[in-house]
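So you can see what is in the structure, the chains are spelled out below.
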Amino acid sequence: MTRLLAFFFILTVSFFFSQKKDTAVLISEVKIDAYKKPVLFMTSTKSVAVVSENLLEQNPPERLLEAVNQIAGTRMEERSPASYRISIRGSTLRSPFGVRNIKVYLDDFILSDASGNTYFNIISPKLINRMEIYKGPESGDYGAVTGGTVLLQTRKSDHLSAGISIGSYGTFEQNFNVARQKGKHFFEIFQDYYQADSYREQSAVKRQQIYLKDHFKYAPKASLNAVLLLSDLDYETPGGLTLQQMESGRKQARPAAGGLLSAKEQNAGIRNKMVLAGISHETAINPNFSHFILVQGSYVDFKNPFITNFENRFERNFALRTHLNYEKNWNNISLALRLGFEGGNQNILVKNYSNNKGIPGNPQNFDQLKNNSGFYFLSQKLNFNEKLFTDISISLNSNSYEWERMYPVSNIGRVKFKEQWLPNLGITYLLGKGFSIRGKIGKGNSAPTSEEIRSSNQEFNFNLVPESGWNKEVGIRKQFGNIIFIEGSYFDFRMQDAIVRRQNESGQEYFANQGSITQKGVEVLLESKSFHLKNEIFNSFKFRFSGSFYDFKFRNYKQLDNDFSGNKVTGVPDTTVNSLFNFVFFKNLTVDYSHYYISKTPLNDANSVWSKSSLVGNIRLGFPIRIDRTKLNLHLQIQNLYNTDYVAGFDINAFGSRFYNPAAKRSFIFGAHVEF
C-alpha cells in the first residue's frame, strides 16, 4: 500500500504541468443547498460534506454504504443486507438498525418521523443524485438532533435512463428513471426492483419502489411541488453470532439456543410497506420577502417476526414545515433571516404475538403510542465584504408521548420532556481566494424515539430523558491552485444523559441513560481534480483521501457495581481512513479503486471485547459505448477485492456475546445502464 501511494505521488509531481481543464469541480467550488439556504462550500460555516455523483457510482445496487463511508466522520454499517444504520461522529449507541439521532430529508420533504426514527433502507441508491451530510448539531434549521442531518436530493435536470445489474448471491436489480421539463412542469418518475439471496442463511432481500414528483413553476417566482413515494421492502434477518459461531461458519444464521428457536426456524425478518405523500409551496411575496410551506403524511405497515415474538406496527405520520424568509443586500453587507416552524405527529398501533415460525400466534401485548414534536426556529446569515460569513440561529424544541396499553390489561400514561432552547453560532473568514477558516459552537438535544420509549421488550420506558450537549469545533479549508483541496476539522462534543442500547437474554432490546460522554476528534479530507497525462494508454487520474481520528470516552458511567468511566465509547473506532482513486485508460475505460480501513472497535461498554481492525478494498470498471445520442455504460464491480473476513456492522452490548454479523466475501456485480 505504501509503495502504491508513493507511485501515485510521483505521478502527481511528474505530470503537474501536463494537466488540462477538468470538467469536474473540487468540493471547494461546489454550492451546497443547506435546505434552501445556498452558499459556497468554501464560505459555509457548517461542518458539511457533499456526496457527489462520482462517489454514488461506487455503490452496489442495494446500498449507499460505499459512498457514505468515503466521508470523514460518517459511517454506514450493514448488520445484514437491508439492515443499515448511519453513524455521524459516533452516533450509533442507540441504533440497533435504522437511523436515529440523525435528521433525514428527501428534497423538500422530511423522511424522519416525529420521534426521530428514519427508515433509511426503503430508499434505493439509484434514486439519489446527490447528498449533503451535516455533522453535529444543527438545531437552528433542523431541530433537536445531536448526531447530524442528511439531505438526499433527486434529479433537477432532464434525464432518461434504464439499468439492470446481476451478481453474486442471486443479486438482480432493475431500474428506470425519467426526469423531464414539460412547459411549467418538471417531473420525475423513478422505479426500482431489487432482490438477492445474500451471503448468509436467512438474509434474502426484496425491495420494490416507485417515486413520483412534480415541480410546477406556475409563476416566475412561485412554485408548487408534489411527491409520492411507494416502497415495499421484505428482508430476512440472520441475527448475530458469537465469535466461536462465526469462526465455525460465517454463513450460518443465529442457531437455536437455550430453548429459543433459530432465526431460520422463526423466519426472522422485516416486512416494511411505506407510503409517503406531500406537497410544498414556495413564493416570493416581494423582492425581500418569500414564504415556504410543506405538508406531508405517511403510512407504514411494519411486520417483524423475531426469535421471541411477532410484532406488527401500523404507523400514521403527519408533518408540517413553514418559514418566512427575508433577504436584503447593501453595498458590502448581505442579510438573510428565516423564521419558521417544523412539527410532526405520529400515531402507532403496536401488536405483539407469539411467533409460530413466521406466523402470528397468541397475542402478547397491544399498545397505542402517540408522539408530538416540533420546534420554532430563527436563523440569520450576515456576511461582510464577502470576507466574513456568520450563521446565527436558535430554536425552541418540544417533545411529548402518550400511551395506552390495550391488551392484556388497560393502562394509560403521558410524558412531556422539558422544552429546550438550542442556540448555534458559526463564523467563517475568507483569508484569501481558496483559503478559509471557521469556528462553530452549538447545542444539540435528542429525545428518545418511539422505538426506545416502547422497545422490543414490550415495556414502556418513560424514565428515559433526552440526551443533550454542547459542540465546539474549528476548521480550515484550503485550495491549492485549481487542482488540490484540503480540509481539516477539530471538534469537542460533551454529551449528557447519553442513551445506550442493551439486550436481555432473549435478544430483546431496551435503552437507558448512562452518564456523560466526551467526544473529541479530528477529520481530514484531501482531494484532487483530474491529472491528464500525455499517454495514449493511461490518460488521467484523480484521488480522494479522508480520515477520522477520534478519542471518545465515557466520563461518568456507572452500571450497578461496574464503573465504566474512562472507557472508550462502544461501537466507535478510533481511526477510519478511506481512499478512492479514479483512473481512465484508453480514453474510455474507467477504473475506480477504493479502500476502507477501520481500527479495532470496543463491542461492549466494559471494553472487554474488541473487534479486529479491517481493510476492505473494492474496484469498479466502467466502459461507455456511444451510439448516436444513446450512451450505454457497462460496469463490473468487485466488492471485497481482497476476500477479507470482516464485519460491516456489530451488535454492540449484545447478550450472550452475539456481537458479530459477518459480511460477504469477494463478490461480483455486472451492470448495464442506458442513458437516452
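See the structure above.
Parameters at a glance
Residues numbered from 1 in each chain as written. Predicted model: local features only at pLDDT ≥ 70, side-chain atom pairs only at ≥ 80, totals over all residues. Heavy atoms only, no water. Helix = DSSP H or I, 4+ residues; strand = E, 2+ residues; numbered from the N terminus. Buried < 20%, exposed > 50% of the residue type's maximum accessible area, 1.4 Å probe, protein only. Core = buried A, V, L, I, M, F, W, Y, C linked by side-chain atoms within 4.5 Å. Contact = heavy atoms within 4.5 Å. Pairing = 2+ DSSP bridges. Phe/Tyr/Trp six-rings, centres within 6.5 Å; stacked < 30°, edge-to-face > 60°. Lys NZ or Arg CZ within 6 Å of the ring centre and 35° of its normal. Polar contact = N/O pair within 3.5 Å; in protein donor to acceptor, adjacent residues only side chain to side chain. Salt bridge = Lys/Arg side-chain N within 4 Å of Asp/Glu carboxyl O.

Student: Can you help me understand unusual backbone geometry in this one?
Tutor: Leaving glycine aside, a negative phi is the common case for residues, and trans is the common case for peptide bonds. The omega torsion across Tyr 407 and Pro 408 is 10 degrees, close enough to zero to call that bond cis. Tracing the backbone through its elements, the reader meets Pro 408 in the loop between strand 20 (388-407) and strand 21 (411-416). Positioned with a positive phi, Tyr 35 is a non-glycine residue whose angle comes to about 50 degrees. Structurally, Tyr 35 can be placed in the loop between strand 1 (31-32) and strand 2 (39-40). The exposure class of Tyr 35 is buried, given its relative accessible area of 2%. We note that Lys 36 has phi near 70 degrees; this positive angle belongs to a residue other than glycine. Position of Lys 36 among the secondary structure elements: in the loop between strand 1 and strand 2.

Student: Hey, could you run me through the nonpolar core in this one?
Tutor: As a rule of thumb, nonpolar side chains are buried together in soluble globular proteins. In this structure, Met 131 and Leu 152 are the most contacted members of the largest nonpolar core, which totals 66 residues. Beyond its immediate sequence surroundings of up to four residues, Met 131 is in contact with Ala 49, Val 50, Val 51, Leu 56, Leu 64, Val 68, Val 150, Leu 151 and Leu 152.

Student: Got a minute to help me understand the sheet that holds strand 9 (residues 148-153) in this structure?
Tutor: Pairing between the strands of a sheet is mediated by backbone hydrogen bonds and can be parallel or antiparallel. Reading across the sheet, the five strands line up as 3-8-9-6-7 and stay open at both edges, with mixed pairing between neighbours. Lying at the two open borders of the sheet, with one neighbouring strand each, are strand 3 (48-51) and strand 7 (109-110).

Student: Mind showing me how you'd approach the packing of aromatic side chains here?
Tutor: We describe a pair of aromatic rings using the distance from one ring centre to the other and the angle between the two ring planes. Taken as a whole, this structure holds 33 aromatic pairs when the rule is applied. Ring geometry for Tyr 134 versus Tyr 142: centroids 5.8 Å apart, planes at 45 degrees, classification tilted. Pair check on accessibility: Tyr 134 and Tyr 142 agree, each one buried. Consider the rings of Phe 545 and Phe 581, whose centres lie 5.5 Å apart with planes at 85 degrees: the pair is edge-to-face. In this pair, Phe 545 sits in strand 30 (residues 538-556) while Phe 581 sits in strand 33 (residues 575-585), placing the two residues 36 residues apart along the sequence. Among the residues examined, Phe 545 registers a relative accessible area of 24% and is labelled partly exposed. Through a chain of ring-to-ring contacts, the aromatic side chains of Phe 531, Phe 538, Phe 541, Phe 543, Phe 545, Phe 581, Phe 583 and Phe 585 assemble into a single cluster. The aromatic ring of Phe 302 is capped on one face by Arg 313, whose charged end is 4.1 Å from the ring centroid.

Student: What's the story with the pairing of strand 13 (residues 205-219) in this structure? I'm lost.
Tutor: Every other side chain in a regular strand lies on the same face of the sheet, so the side chains alternate between the two faces. Sheet topology note: the strand 12 (residues 185-196)/strand 13 ladder contains twelve bridges and is antiparallel. By the bridge assignment, Phe 187 is partnered in strand 13 with Asp 214. Where strand 13 lies against strand 14 (residues 222-236), 13 bridges are found, and the strand directions are antiparallel. Looking at the pairing, Val 205 lines up with Tyr 235 of strand 14. Hairpin connection of strand 13 to strand 14: two residues between the antiparallel strands.

Student: Even after reading the chapter, I still don't get the pairing of strand 30, so can you show me in this structure?
Tutor: Bridge count between strand 28 (residues 516-528) and strand 30: twelve bridges; the pairing is antiparallel. Paired with Val 524 across the bridge in strand 30 is Gly 547. Sheet analysis places strand 29 (residues 531-532) next to strand 30, joined by two bridges and oriented antiparallel. Opposite Phe 531, over in strand 30, you have Phe 541 as the bridge partner. Bridge count between strand 30 and strand 33: eleven bridges; the pairing is antiparallel. Within the sheet, the bridge partner assigned to Ser 540 lies in strand 33 and is Val 584.

Student: When you look at the environment of Arg 250 in this model, what are you seeing that I'm missing?
Tutor: Following the sequence through the fold, Arg 250 ends up in the loop between helix 5 (243-248) and strand 15 (269-284). Between the C-alpha atoms of Arg 250 and Gly 143, which are 107 residues apart in sequence, the distance is 41 Å. In this structure Arg 250 touches Tyr 199, Arg 200, Leu 241, Asp 645, Tyr 646, Pro 662, Ala 663 and Lys 665, once residues within four positions along its chain are discounted. Polar contacts involving the side chain of Arg 250 include one to the main-chain carbonyl oxygen of Ala 663, which spans 3.2 Å.

Student: Sorry if this is basic, but what is going on with the pattern of salt bridges here?
Tutor: Tallied over the entire structure, the rule returns 41 salt bridges. With its nearest N and O atoms 3.2 Å apart, the salt bridge here joins Lys 135 to Glu 523. Placement of Lys 135 in strand 8 (residues 130-135) and of Glu 523 in strand 28 is noted, with a sequence separation of 388 residues between them. Neither Lys 135 nor Glu 523 differs from the other in exposure class; each is buried. Across the pair Arg 454 and Asp 367 runs a salt bridge, and its minimum N-O distance is 2.6 Å. One end of the pair, Arg 454, is in the loop between helix 6 (450-453) and strand 24 (467-480); the other, Asp 367, is in strand 19 (residues 360-384), with 87 residues separating them in the sequence. Just as Arg 454 is buried, Asp 367 falls in that class too. Salt bridges sharing partners connect three or more residues here, namely Arg 100, Glu 311, Arg 313, Glu 315, Asp 367, Arg 405, Glu 451, Glu 452 and Arg 454.

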